[in-house]
Amino acid sequence: MEYALVVRWLLLFALVAVAGVPIAARLFRVPGRGAGFALPVALVVLALPAYWVGHFSLAAGPLVGVVVLFVAAAVAGLDLAALREGELRGAPDLTIDRRALADVAAVFVVAFCFLVAVRAVDPAVHAIGGEKFLDFGLLKSLARAEALPPEDMWFAGEPIRYYYGGHLIASLLARLSATPPRFAYNLALAGFYAMLVTAAYDLAAAISASRRAEPASARDRADAPREGSARLAGLLSAFFVGFAANLHTAADVALGVLPGGLRTVVAAWIAAGNDADPAEVLADASDFFYFDASRVIPGTINEFPLFAWLNGDLHAHMMGLPFLLLVAGLAFAYSETPAVDVRRRRLLVFGAVPVVAGLQSVVDTWSFPTVFGLLFLGLAFAPAHPLSLLPGGSRFAATAGDTTDGGAEGKGADDGGARLGRELGRLAGALGIAVIAGIVGLVLSAPFVTLAAGGGSSRSLELLAAADRSSLQGLLVVHGAFVLAFGAYLLSRVGRATPVLVGVVAVAVAASAVDLPVLVLTAPLLVLGFVALRFDRPVGFETVLVVGGAGLVTMVEIVYLTEQAGPLRMNTVFKFYIQTWVLWGVAAGATLAGLLRQGTETATRAAATRARATTDGGGEDQLDGTDFPVRRVLAACFVLLLVVSTSTYGAFALGNHFGNAPEPTLDATAFVERDHPEEAPAIRWLDRRGGRPTLLSAPGTTWHSRGGTDERERGMYGWNSNPAASLTGVPTVAGWQHEVGYRGPDAYYSRVRDVDTMFLGAPREQARLLRQYDVEYVWIGPAERLRYDDGAITVTELEGVSVAYREGSVTVYRVDSEELPAAG
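Being a predicted model, the structure only gives us computed values, none of them experimental.

> What exactly am I supposed to notice about the environment of Val810 here?
Looking at the secondary structure, you find Val810 in strand β6 (residues 810–815). The spatial distance from the C-alpha of Val810 to the C-alpha of Ile683 is 9.1 Å, given a sequence separation of 127 residues. With residues near it in sequence (within four places) discarded, Val810 still touches Glu678, Glu679, Ala682, Trp779, Ile780, Gly781, Pro782 and Tyr805.

In structure tokens, the structure reads:
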């Protein structure tokens, strides 16, 4: 395997992260000082300038980004006054937690090497089972591009309309490390995975440490050392984000060991919620396939990170997750900032978050709303009133009777109406501030937003019919482990929760009656979370993440975005569920560590009470039976059950993945030589062509404009769907049917007609279109012979069209536009 490349990328990540350490330490005055976010922070600072400069020169973009990064690091980390006097020393007010840095470095290396091992036995960018042709094609297009946006390899002559920011970051790293795209694909996958797991570890550990240091001042909490419980929270979060899966596989295992009669009853209950036959459920339970756990709820995709990275797409919804957690971390840093430090709070809300969001809209547009949803929740539940960020806002909040002491508000003689008014005012203020920050973020991504808005595709927000909503069974399989963890945690924190629970049960029953079963799971989390956060209960930012995830899960049961990537709400659930998984994965680590800590503290207090009773003369008669820490053992068993049940998928999936593994490699295109030897030489030949010549090849759809029969198995998600353009980045006139979603059906199918005409039409019409699209090469391979009968293809008979390459099953023709027949 290419071990030297692995080391090279680890060194590159280390260098970039080192530059990000002082910037992160300035932003994160929380335990650990944002050590786990140093790399995502640095990549934002590097990539956003490179993105803007890249619109003029993509070659200059990485250099400008590197300069900006190291200047920002110097400003954040050096004593500028001393520097002006010729002395080089660190800023006296900058604190860096070296122990936390060592922790996150170890987590990153382990996660990176784990994913490298996973990809090394299956590195191929196959067309089937995912979006690898799209992702690799984007990476190759960026490698060929001279400026942004890159030319669309499936729509020659036009800029890409897909969100390509994550691929741009991968391309920047490839350029900086001098790595060819065929290796950069899998190394970037490993890097994004390791960033995600490391950020989850650091955020959960910081949340846990801040709760342990709660009575201290904000500065003392920020500098509090990470004790064992904080590290445990981090490790649990790294597990839930990077390795855990939903309960689908665990349920299959459980079905296999249940007695026959009970097995049938359970299978029937599961089948009833998924429009399936009980026999199908039992059959699926006996045969593991790694894809099944991502397709639990009918008509949706229920991804989680381990599946996504095991499947191996270098896709936007995955690359955006580390930056989504970065925003969650910034919201946490805001909540830990004292109300009197208005300048710092403004920097986080109107500076740091919009900058990350500006890049995030290009990396993964689907998570752009979630970014500001997290900011909204952070503002709403922070001690300081959100309007205090505005000039004169503190006076307005005081006039309205709201203060900045969190749960202390409304105590005493206040009636419920006044309290409700203040809470609604706080929520409205948080929403307004989040909208302002969102506008700044849109400005920072203006080139992409403007381009995307100019597309011909139509999207609209629609209400979901009751018949299409998720069943309670499906929701429990997908989210049950998290809901159990959060329910146990919040009930232990709220205290005297009987009235709250009665209200929650009433809402859940009503929701079930109106076909909205999701509220059976999310209503308790939303209500208990709000009560705990706003009524001074012993919870922390982990509860904000719980509420945020519950909101996303509820939302996709009510509304969805109509688009080509359907049917119905499939893509909406797909994109928001994986965001929910990451937010809830971090929260799960912090909450479960809290439950374990609470059990230990309860046992310790009980033992101390019994000891005092004995000392006071009560003797053995006053002891409560035994010193056995029942609550601690129950908490430990509960956590162990959740870890084991969510690990089942990983155990089966990785066992199958590494079974009979071939010789490892990180070359994403090595499979072409093995699986398609007749076409491989032609693809290599085309890949060596410089620039961006336009290619004519069979379109990525089986729809035929001239009444012919396309004998390809599929128009997309198959090898015979534009392999030349996708694996080389050389743009073809009409590629995959995905372009309907980017540009609308009229634009795409008009090109398909033109492609069919260029292959089969009259000479003068062919010549006109070849000139119109500036076609330089015509590709005749197996896909073209399946779509067009060999004898019917006439473009090769034109004057000005001659053989440029012929080997194996492919002939490539060169087009000389000056020698083409005159257009009719």
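Structure's up, so let's keep going.
> Honestly, a nonpolar patch on the surface in this entry has me stumped. Any pointers?
Taken together, the side chains of Val67, Val71, Val75 and Leu80 define a hydrophobic patch exposed on the protein surface, amounting to about 330 Å² of accessible area. No other element matches the 3 residues that helix α3 (residues 60–77) contributes to the nonpolar patch. Looking at the element boundaries, Val75 is found in helix α3. Since its relative accessible area comes to 48%, Val75 is described here as partly exposed.

> Got a minute to help me understand unusual backbone geometry in this structure?
A negative phi angle characterises most non-glycine residues, just as the trans form characterises most peptide bonds. Residue Pro149 follows Leu148 across a cis peptide bond; omega there is -10 degrees. Relative to the elements of secondary structure, Pro149 occurs in the loop between α6 (132–144) and α7 (165–177). A positive phi angle, near 55 degrees, is found at Ala178, a position not held by glycine. Structurally, Ala178 is set in the loop between α7 and α8 (181–212). Classification of Ala178 as exposed rests on a relative accessible area of 60%.

> Is there a simple way to explain the packing of aromatic side chains in this structure?
Two descriptors summarise a pair of aromatic rings, namely the distance from one centre to the other and the angle between the planes of the rings. Inspection of the entire model under this criterion finds 43 aromatic pairs. Between the aromatic rings of Trp9 and Phe13, the centroid separation amounts to 5.8 Å while the plane-to-plane angle is 70 degrees, which identifies the pairing as edge-to-face. Taken together, the residues span about one helical turn, with Trp9 and Phe13 both in helix α1 (residues 3–27) at a distance of 4 residues. Geometry around Trp685 places Arg689 over its ring, the cationic atom sitting 4.3 Å from the centre. For the cation-ring pair, Arg751 lies above Phe155, with the distance from its terminal atom to the ring centre recorded as 3.9 Å.

> I'm lost on the sheet that holds strand β3 (residues 694–696) in this one. Help?
Sheets are built from strands paired through backbone hydrogen bonds, the pairs being either parallel or antiparallel. Strands sit in the order β3-β4-β6-β5 across an open sheet of 4 strands; the sheet is mixed. Unpaired on one side and paired on the other, β3 and β5 (801–807) mark the two borders of the sheet. Averaged over all pairs of adjacent strands, the angle between their axes in this sheet comes to 25 degrees, without regard to strand direction. For β5 and β6, the ladder comprises 6 bridges, and the chain directions are antiparallel. Residue pairing for β6: Arg806 is matched across the bridge by Thr811.

> Explain the pattern of salt bridges to me, please; I cannot follow it from the model alone.
Pairs can form between side chains of opposite charge once their charged atoms are near each other. The tally for this structure, following the rule as stated, stands at 17 salt bridges. One salt bridge in this structure joins Arg182 and Asp667, with 2.5 Å as the shortest N-O distance. Here Arg182, found in helix α8, pairs with Asp667, found in the loop between α27 (630–658) and α28 (670–675); they are 485 residues apart in sequence, far enough to count as distant. Glu557 serves as the salt-bridge partner of Arg569, at 3.0 Å between the closest nitrogen and oxygen. Remark: Glu557 occurs in the loop between α25 (541–555) and β2 (559–562) and Arg569 occurs in the loop between β2 and α26 (570–618); sequence separation between them is 12 residues. When salt bridges that share partners are traced, they join Asp710, Arg712, Asp756 and Arg787 into one network.

> Any chance you could explain the confidence of the model for the protein chain here in plain terms?
Low pLDDT marks stretches whose predicted atomic positions should not be read closely. The share of residues in the protein chain with pLDDT of 70 or more is 89%, and the mean pLDDT across the chain is 88. In this model residues 405–413 is a low-confidence stretch, pLDDT under 50, and it forms 18 contacts with partners more than four residues away in sequence or in other chains. Residue range residues 619–627 is modelled with pLDDT below 50. Its contacts to residues more than four positions away, or to other chains, number 9 contacts.

Criteria and thresholds
Residues numbered from 1 in each chain as written. Predicted model: local features only at pLDDT ≥ 70, side-chain atom pairs only at ≥ 80, totals over all residues. Heavy atoms only, no water. Helix = DSSP H or I, 4+ residues; strand = E, 2+ residues; numbered from the N terminus. Contact = heavy atoms within 4.5 Å. Patch = residues over 30% accessible without salt bridge, like charges linked within 9 Å, V, L, I, M, F, W, Y side chains within 5 Å. Areas by Shrake-Rupley, 256 points an atom, 1.4 Å probe, with all protein chains shown as cover. Salt bridge = Lys/Arg side-chain N within 4 Å of Asp/Glu carboxyl O. Buried < 20%, exposed > 50% of the residue type's maximum accessible area, 1.4 Å probe, protein only. Phe/Tyr/Trp six-rings, centres within 6.5 Å; stacked < 30°, edge-to-face > 60°. Lys NZ or Arg CZ within 6 Å of the ring centre and 35° of its normal. Pairing = 2+ DSSP bridges. Axes fitted to C-alpha atoms, helices over the stretch in contact; angles between N-to-C directions. pLDDT = per-residue confidence, 0-100.

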